[in-house]
Each structure stands twice: as C-alpha cells, then as structure tokens.
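Residue-level structural notes
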Amino acid sequence: MQLYNTETRRKETFAPLHSQEATMYCCGPTVYNYAHIGNMRTYIFEDLLARTLRLSLPLKHVMNVTDVGHLVSDGDEGEDKMEVATARENKSAWEIAKFYEQKFFEDFDALNCTRPTVISRATAHIPEMIALVKTLEEKGYTYRTSDGIYYDTSKFDRYDALVGRSRLEGLKGGARVEMSEEKKNPTDFALWKFSPKDKKRQMEWDSPWGVGFPGWHVECSAMAMKYLGPTLDIHCGGIDHVSVHHTNEIAQSEAATGQRYVRFWVHGEFLVLRAGKMSKSGGTFVTLQTLRDKGYDPLDYRYLCLTAHYRTQLEFTYESLDSARKSLQILRREAAKALEAAGRQPAAFTTALEEAKKLFRTAMEDDLNAPKALAVVWENMRGAALNPAEKVDFLRFADTILALDLFRAPEEEKTEELPAEVCQLLQQRAAARAAKDYKKSDELRAALAAAGYRVKDTPQGQQTEKIK
Ligand SMILES: [Zn+2]
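What counts, and at which threshold
- Residues numbered from 1 in each chain as written.
- Predicted model: local features only at pLDDT ≥ 70, side-chain atom pairs only at ≥ 80, totals over all residues.
- Heavy atoms only, no water.
- Salt bridge = Lys/Arg side-chain N within 4 Å of Asp/Glu carboxyl O.
- Buried < 20%, exposed > 50% of the residue type's maximum accessible area, 1.4 Å probe, protein only.
- Axes fitted to C-alpha atoms, helices over the stretch in contact; angles between N-to-C directions.
- Helix = DSSP H or I, 4+ residues; strand = E, 2+ residues; numbered from the N terminus.
- Parallel < 35°, antiparallel > 145°, perpendicular 65-115°, else oblique.
- Contact = heavy atoms within 4.5 Å.
- Nonpolar A, V, L, I, M, F, W, Y, C, P; charged D, E, K, R; others polar.
- Donors = N, O, S within 2.8 Å, 3.2 Å for Na, K, Ca; no water.
- Expected span 1.5 Å × (residues − 1).
- Pairing = 2+ DSSP bridges.
- Polar contact = N/O pair within 3.5 Å; in protein donor to acceptor, adjacent residues only side chain to side chain.

**Overview of the pattern of salt bridges**
Per the stated rule, a full pass over the model turns up 34 salt bridges. For Arg-88, the salt bridge is made with Glu-89, and the minimal N-O distance between the two is 2.6 Å. For Arg-88, a relative accessible area of 44% puts it in the partly exposed group. Here Lys-91 ties to Glu-89 by a salt bridge, and the two come within 3.6 Å at their closest N and O atoms. One salt-bridge network, in which partners are shared between bridges, spans Glu-7, Arg-158, Glu-254 and Arg-260.

Here it is, written out as structure tokens:
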C-alpha cells in the first residue's frame, strides 16, 4: 500500500514494523461538546484507512478520548475546555464527558466507522502521563514555571520534523505574541498544569510537582506508547494537528524513549464551508444531527466524504449532500436489481470479477483514492463486464471498505421523482394538518389531485400515488 507521509512529504510504500500486525493511533474527540461534521470527516478517512489495511494484515487501532486537559488555546493559556463546559451546562465535568462521549460514538457508529481495538480515556491514564513527564524531567527536558511543568523545545533537535524549518520560524513568530514571560521559547508547551490556587477544579490529580492536570499533548503520547510500544506504524489526525499537537507529541515521545515515535504521519484535510473552515468557536457548527433533522441519512454524508480525496479540502454544501444522497440511492437500486437478477440464473464467475476487485483495491491502496474506487464501482454496476452474480459479489467486496450499506433496501423511487410543485403542495398540506387546518388541508388535497397525485395520510405521514 502507498501512503502519503506528512513527515517526508511524499507517498511511500507502507509495511508494518512487525510483520504480524500493523499499529495505528488516531487522535480522538475532546468530549466537551458535540462533534461537528468536519470532525467526523477525519474519522471517516481513518476508517477507510483501517478497513483498507485490514485487507492485507491485522491492525491494532487505538483512539483516545480527551476528557481532561484540553486548554482553550494552543498557547497553554485559558481554561480547560471541560471545565468551561461545566459552567455552561451546569453539570459535573464527569457528566459532561460521559454525555458527549456517548453522543460521539452514536455518530461514529451511524457513519459505519469501525470501533477501534482500544478506546482509551485520558482520565484513566494519569499515572502513565505522570511517568512520561518524570522521564522527561530526569533527562533534562523540562522546567518549572508558576503555572506548570513545561517542555523546553530548544533541547530537541527534531522539533521541526513535521513542519519544516521555515514554517517553524513563522509559528514561533506567531506564538511569541501571546507568550507568557516565564516560557523560555515560544514553542514550549505545558506537560503538567497546576490547579489555580484560588479555585477548586473538578478534575485534578496529585503529582510529584503539585496538584493539577496533564497537558493535552502528553495524553496522546502516553496512551499511544502504552498500547502500541515506542514506535507506531501510523499516527493519524486532522491537518490542524500537524504544527502544534503532533509536533509536540514527537518531541515528548522521542526525547523520552530515544526512538523514532511514528513511521507514517497521515493527516486528513478540512471540510470547509463557503464561510471558511468549520469550527466550534466560529458559529458555523453543523452536526450529524443537523443533517438527520433535515432528512438525510448519516451514510449520505459518508458517501459525500468518499467523493473527495482525504488530502484535498472538501467544500460542504447541501447541494453536494443532495447529490451524494441521490447517487447512493441509485447505487442501492442497482444493487437490489443485481441481487434479484442473480437469483434468477446460476452463478458463473469469470476473470472479469477478479479484475474489477483488483482495480478497486488498487485505487484504495494508492493512498486511499476513494473517488477512483467509487468510479470503479459505478463503471462495473453500469457496464456489462460483470454478470449479475458477479456484480453482487463485487459490491459486497467493495462495501467492506466503503461501508455504505449498499444492500440496504433503497427508498421508493417515486417519492424522489415528485415534481417540485407537488413537493411544495405536500409541504403546505403537512403544515396545514399540523396546524389542524383541515379545510386548507382538503383544498390542498384537491390541488394535488389536479396536479395528478392522490394523497393518503398514514402514520408515517403523507403518501402519494400517481393518478393513472
Ligand atoms: Zn492526539
């Protein structure tokens, strides 16, 4: 398999360090709020990677849940996001974490993302984090300020490994602006933060340096190395983690172990809105529930994500989501047709089937080229190269990676093909009925009949039938 490595800035052939199993760590959610669909795009790409890797070898996949220690700013300033949420929602930090973790996994499952082998909560790994900070302290990489224990980035040679020297200089310039006087270098970061003296935190722990809580970056290093050893095959995350979070993970981990931390850094690009990047702070916040409320299925969104390569930005619009939804419906209808036709004739498998599977797999193994893999699916469903039984077999194989539930019963075609005018009348009639305006509802029934549609009220809502 070919994978683009952020660190070397090129595609490389992937092979695991240990032949029996590949290892992969993915940065998980910070559970202080709902995940937005931009966050979920990253988990979909990571799921595609996990599924594709598993075609050839077992994979141990670890994902963390950040339930403590994620500060509002990257500059180690501001409050912990969890503690901010407790004030907002009048719940305990533990309740907040539990609630949003559950919501996160509901979305994760609905998008058919495979559950990681290990899901590790930060709050359950405080001793491992303290041990890592202690090692760094013994090796001389840390210093103490009035608010915590910091990592001295000037002592680590490979600090520019991910971003490159010139970009690092720019980052330093930006960080200097809001740098506290006690920090030695603008890129230094907190490994352990002390609880404020005037305030009791809900989540805090004893440590050799005083009561406090771990820095966000140290969480991932400690948990990744606990479950996967000092050197991971693959570490994934969103592209926004490159310059600070993952750069700091390398610094802490390699300084502590003296070994290479990650062999392949793999990053997914942003989902963007016309207004810019989707973010929790910017007010442009679309969740999977927002899409469900508008009548979309979570897998419509998964399909949309597969239409763009994970390393390119994907612009989110409802028009593109509509078109993804439509494509998925057509594909499911093709699958149902093939299944039905295959039942009517004896199965005969030819080399064309192996050829189709190979083309699909080659696309996925070329740095997860999902758009190309989808194109292979369309060609083979529409074309005559495969007989119906082969189409069924091919689609079952493709769906082990795409995970679009291609054999789910497609929706009735007729509801999709209603003329716009009829849709509008149906909407007005639903509103009239909701307002118990039955006179208006009957008038609209007559208008629908005049437009050629008979309408029936059922427990599932209005159903239409074309008048012949
Ligand atoms: Zn992380």
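Once the structure has been displayed, the description carries forward.
**Focus: the packing of helix H1 (residues 37–53) against helix H13 (residues 388–402)**
Between H1 and H13, the least distance of the axes is 8 Å, while the angle of their chain directions is 130°. With respect to each other, H1 and H13 are oriented oblique. Contacts between H1 and H13 involve Leu-48, Arg-51 and Thr-52 on the former and, on the latter, Asp-399, Thr-400 and Ile-401. Looking at the contact of H1 with H13 residue by residue, the class counts come to two nonpolar, two polar and two charged.

**Examining the coordination of the zinc ion**
On the protein side, the zinc ion has Cys-27 (SG), Cys-220 (SG) and His-245 (NE2) as donor atoms, found 2.0 to 2.2 Å from it. Binding-site remark: the zinc ion is held by donors from one chain whose sequence spacing is C-x192-C-x24-H. Linking Cys-220 in helix H6 (residues 216–228) with His-245 in helix H7 (residues 242–257), this pair joins segments that are 25 residues apart in sequence. The exposure classification of Cys-220 matches that of His-245, with both residues buried.

**A word on H1**
Here H1 contains 17 residues, and its C-alpha end-to-end distance of 24 Å stays within 8% of the 24 Å for a straight helix at 1.5 Å per residue. Extensive coverage of H1 is indicated by the burial of 16 of its 17 residues.

**A look at the sheet that holds strand S7 (residues 148–151)**
The strand order across the open sheet built from four strands is S6-S7-S8-S9, with neighbouring strands paired in antiparallel fashion. In the strand order of this sheet, the two ends are held by strand S6 (142–144) and strand S9 (212–214), each with one partner. When the angles between neighbouring strand axes are averaged without regard to direction, this sheet yields 25°. Where S6 lies against S7, three bridges are found, and the strand directions are antiparallel. Across the sheet, residue Thr-142 finds its bridge partner in S7, namely Tyr-151. Its contacts with the sheet place helix H4 (residues 126–138) against S6, S7, strand S8 (189–194) and S9, and it is angled at close to 120° to S8.

**A short note on H13**
The end-to-end C-alpha separation of H13 is 20 Å, in line with the 21 Å expected for 15 residues at 1.5 Å each. Where burial is concerned, most of H13 is hidden: 12 out of the 15 residues are buried. Among the residues making up H13, those that are buried are Pro-388, Ala-389, Glu-390, Lys-391, Val-392, Phe-394, Leu-395, Phe-397, Ala-398, Asp-399, Ile-401 and Leu-402. At the N-terminal boundary of H13, the capping side chain belongs to Asn-387, with an oxygen 3.2 Å from the backbone nitrogen of Ala-389. Backbone geometry just downstream of H13 places Ala-403 in the positive-phi region, at approximately 55°.

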